[in-house]
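So the chains spell out like this:
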Amino acid sequence: MEDPAVKVARLLENSSYAIVFTGAGVSADSGIPTFRGPDGLWRRYRPEELASPWGFERNPRLVWEWYAWRMRIIASARPNAAHYAIAALERRGLVRAVITQNVDGLHQRAGSKNVIELHGNIWRARCTRCGYRWILESPPSDDELPLRCPRCGSLARPDVVWFGEPLPEAALRRAFEEAGKADLVIVVGTSGVVEPAGSIPVHAKERGARLVNVNPEPNRYTGMADVNVEERAAPFFERLARVLGLELPRE
Ligand code: NAD
Ligand code: ZN
């Protein structure tokens with residue numbers, strides 16, 4: 001049987017506008033847990049209890065502690081071969097944009113330039129009162145939590161999109177524009193169940209784009225994908241990079 005990496009390499013070389021759409025699974029091989037996987041975060045809580053406006057209202061400190069814990073994991077993690085290969089594909093002109101549901105910033109750390117973040121970024125905080133945003137250079141310690149706005153002293157929150165909240169309008173518009181232009185979408189590590197983000201690859205598919213689905217588990221895209229790559233992202237992208245002669249940093 002032909003290696004799917006060879007098949008995907010050919011699709012990339014024959015495409016004129018390829019984009020990549022990622023979820024938590026692309027960072028799983030960096031040691032960052034997904035929400036729904038077997039080692040889901042904070043198993044005593046459902047993500048909906050922590051990543052939600054009502055959860056924050058009920059217990060801002062608990063929510064901040066969860067985010068600070070995730071920031072510590074992300075700070076000590078490194079991009080994996082999938083992030084690096086996606087960045088190298090962009091440099092080579094074979095990928096035009098990366099649309100991500102992740103908040104970890106690993107695509108940018110790996111060198112991707114045109115990254116559309118649909119769900120915000122965990123390294124930013126935002127004032128619940130005056131809207132001031134700022135960058136956190138390192139994970140806050142638990143005794144600083146919940147963070148307060150440096151401008152007005154009101155309660156601050158992580159600048160991420162929570163369950164039940166609308167997505168940043170400009171990012172969502174750009175994402176659908178990219179999907180409308182794409183003739184190839186490589187979906188990596190997402191269940192596709194979080195809306196409206198999950199519909200972006202569907203939008204592209206409906207407009208004639210080819211779909212590649214990199215995920216060890218069946219998911220929303222399995223039935224509509226042109227190629228299902230049923231394996232973990234890092235080893236697959238490592239082979240894809242080799243097939244295309246892309247240089248990846250040594251681990
Ligand atoms: P999800 O948890 O719903 O789905 C993760 C998907 O990744 C699953 O389909 C799983 O089979 C797949 N997967 C697991 N390991 C993989 C691997 N090694 N390689 C490839 N695929 C793998 O995640 P989602 O679809 O991104 O939606 C959940 C929401 O939670 C999103 O909004 C996301 O931003 C957020 N989230 C983000 C992070 C992060 O920033 N790293 C981590 C957890 C959750
Ligand atoms: Zn403020």
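Cut-offs used in this document
Each chain has its residues counted from 1, running along the sequence as written. Whichever chain is written first becomes A and whichever ligand is written first becomes 1, with later ones labelled in order. The predicted origin of the model limits local features to residues at a pLDDT of at least 70 and limits the giving and counting of side-chain atom pairs to 80 or more, whereas totals for whole chains, interfaces and linings rest on all residues. Excluding hydrogens and water, the side-chain values take into account all heavy atoms of the structure. Residues belong to one nonpolar core when they are buried, are Ala, Val, Leu, Ile, Met, Phe, Trp, Tyr or Cys, and are joined through side-chain atoms within 4.5 Å. Throughout, exposure labels follow a simple rule: accessible area from a 1.4 Å probe, protein chains only, divided by the maximum for the residue type, with under 20% read as buried, over 50% as exposed, and the rest as partly exposed. Segments assigned H or I by DSSP are reported as helices when at least four residues long, segments assigned E as strands when at least two residues long, and all are numbered from the N terminus. Pairs of residues are marked as contacts when any of their non-hydrogen atoms sit within 4.5 Å. Read the arc as the range of directions from the helix axis to the C-beta atoms. Counted as salt bridges are all cases of a side-chain nitrogen of Lys or Arg within 4 Å of a carboxyl oxygen of Asp or Glu.

1. Here's the deal with the nonpolar core
Alright, step 1. Grouped together as the largest cluster of nonpolar side chains are 30 residues, with contacts concentrated most on Val8, Leu12, Ile186, Val212, Phe237 and Leu240.
Alright, step 2. Looking at this core, the elements that each hand over two or more residues are α1 (4–14), β1 (18–22), α6 (81–91), β7 (184–188), β8 (210–214), β9 (227–229) and α10 (233–244).
Alright, step 3. At six residues, α10 tops the list of elements feeding residues into this core.
Alright, step 4. Beyond its immediate sequence surroundings of up to four residues, Leu12 is in contact with Ala18, Leu89, Leu94, Val95, Leu184, Ile186, Leu240 and Leu244.

2. Description of α1
Alright, step 1. Within α1, burial applies to Pro4, Ala5, Val8, Ala9, Leu11 and Leu12. Taken down its axis, α1 places every buried residue within 160° of arc, on the same side. Away from its buried face by more than 90 degrees, α1 exposes Glu13 and Asn14.
Alright, step 2. Contact partners of the buried residues in α1: β1, α6, β7, β8, β9 and α10.

3. Notes on the pattern of salt bridges
Alright, step 1. Taken as a whole and assessed by the stated rule, the structure comprises 13 salt bridges.
Alright, step 2. Ionic pairing is found between Glu65 and Arg61, a salt bridge with its closest N-O pair at 3.0 Å. Of this pair, Glu65 and Arg61 both sit in helix α5 (residues 60–76), four residues apart, which is roughly one turn of that helix.
Alright, step 3. Take Arg61: its relative accessible area is 35%, and that puts it in the partly exposed class.
Alright, step 4. A salt bridge links Arg239 to Glu231; the shortest N-O distance between them is 2.8 Å.
Alright, step 5. You can call Arg239 partly exposed: its relative accessible area is 24%.
Alright, step 6. Linked through salt bridges whose partners overlap, the residues forming this network are Arg124, Arg126, Arg133 and Asp159.

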